[in-house]
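So you can see what is in the structure, the chains are spelled out below.
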Amino acid sequence: MSKEWLDFWPNSQQFVLNRAILDHCAVILKEVLVDWGPKPFRCLDVWQKDSRFKEFVSLSWSSYKVGGRGIFVFKEKLKKLKSNLKGWNKEVFGNVNQACVEIQKRLDELDAQDDEDGLDEVEREERKSLFAKLTVSKSK
C-alpha cells in the first residue's frame, strides 16, 4: 500500500493471512467500512457425507412454524436451521475450527523458529505431520 493508494481508498486496510497449507502468506487488501450484511448460510461437505445429515435437516425444517410471505418464511427457516446446524456440527464433529486454530498456531511457531534458527529433523517431521492434519481438518 502506498500514500496514493490510501488517498484513493482511505478506508482500506492490509491483512496478512496465515500461511495455512501454502508455502507463502496471502495478503488481502479490503475496504473496512463496507457492511455486506449477515454472513451467508454455509453447508460443510463433511455434513453431506454423514448419514444423519439429511434426516436432521428434514426434521428440523419441518418443525419450524413460521408465518408470512414465502420468502420471509424461507429466510426465517434458514436462520433457525443455521443455528441448529451449528449445534449439530459441534455435537457430531466436535470443534473442528478450534483444532485447526491450534494446529495453525503450532505451525506459526515452527515457522518463526525456522526463520530464526532453522528446524531439526524431528521438528521438520512435526511440521509435515501438522500440515497433513490441517489438510484433513479443513476438508471436514
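Given the structure is predicted, the values throughout are model-derived calculations rather than measurements.

About the thresholds
- Residues numbered from 1 in each chain as written.
- Predicted model: local features only at pLDDT ≥ 70, side-chain atom pairs only at ≥ 80, totals over all residues.
- Heavy atoms only, no water.
- Helix = DSSP H or I, 4+ residues; strand = E, 2+ residues; numbered from the N terminus.
- Rg over C-alpha atoms; globule rule 2.2 N^0.38 Å.
- Buried < 20%, exposed > 50% of the residue type's maximum accessible area, 1.4 Å probe, protein only.
- Contact = heavy atoms within 4.5 Å.
- Areas by Shrake-Rupley, 256 points an atom, 1.4 Å probe, with all protein chains shown as cover.
- Lys, Arg positive; Asp, Glu negative; His and termini not counted.
- Charge placed at Lys NZ, Arg CZ, Asp CG, Glu CD.
- Patch = residues over 30% accessible without salt bridge, like charges linked within 9 Å, V, L, I, M, F, W, Y side chains within 5 Å.
- Salt bridge = Lys/Arg side-chain N within 4 Å of Asp/Glu carboxyl O.
- Core = buried A, V, L, I, M, F, W, Y, C linked by side-chain atoms within 4.5 Å.
- Disulfide = S-S within 2.5 Å.
- pLDDT = per-residue confidence, 0-100.

1. Focus: the overall build of the protein
Step number 1: Of regular secondary structure, the protein possesses six helices and two strands.
Step number 2: The secondary structure elements of the protein, listed N-terminal to C-terminal, are α-β-β-α-α-α-α-α.
Step number 3: At 21 Å, the protein has a C-alpha radius of gyration far larger than the 14 Å of a compact globule built from 140 residues.
Step number 4: Considering only C-alpha atoms, the protein reaches an extent of 60 × 45 × 15 Å along its principal axes.
Step number 5: Across the 140 residues of the protein, 21% fall into the buried class.
Step number 6: Long-range contacts, defined here as pairs at least 24 residues apart, represent 47% of the contacts in the protein between residues at least 6 apart.
Step number 7: When the accessible area of the protein is evaluated, it comes to approximately 10,800 Å², of which 56% is carbon and sulfur surface.
Step number 8: In the protein, which carries 25 positive and 23 negative side-chain charges, the distance between the mean positions of the two groups comes to 14 Å.

2. Here we look at a positive patch on the surface
Step number 1: Together, Lys 39, Arg 42, Lys 86 and Lys 90 make up a positively charged patch on the protein surface.
Step number 2: The topology assignment puts Lys 86 in helix α4 (residues 70-93).

3. Considerations on the nonpolar core
Step number 1: Listed in full, the eight residues of the largest apolar core are Val 96, Cys 100, Ile 103, Leu 107, Leu 110, Leu 119, Leu 130 and Leu 134.
Step number 2: Elements with a minimum of two residues in this core: α5 (96-116) and α6 (121-139).
Step number 3: Examining the composition of this core, we find that five residues originate from one element, α5, more than from any other.
Step number 4: Apart from residues lying up to four places away in sequence, Leu 130 is in contact with Ile 103, Arg 106, Leu 107 and Leu 110.

4. Examining the state of the cysteines
Here, disulfide denotes a covalent bond that connects the sulfur atoms of two cysteines.
Step number 1: Summed over all chains, the structure comprises zero disulfides.
Step number 2: Unpaired in terms of disulfides, Cys 43 finds its nearest cysteine sulfur in Cys 100, a separation of 17 Å.
Step number 3: Cys 43 sits in the partly exposed class, given a relative accessible area of 33%.

5. Re the confidence of the model for the protein
Step number 1: Across the protein, pLDDT averages 84, with 91% of residues at or above 70.
Step number 2: Mean pLDDT in the protein bottoms out at strand β2 (residues 27-31), which sits at 76, and peaks at helix α3 (residues 53-63), which reaches 96.

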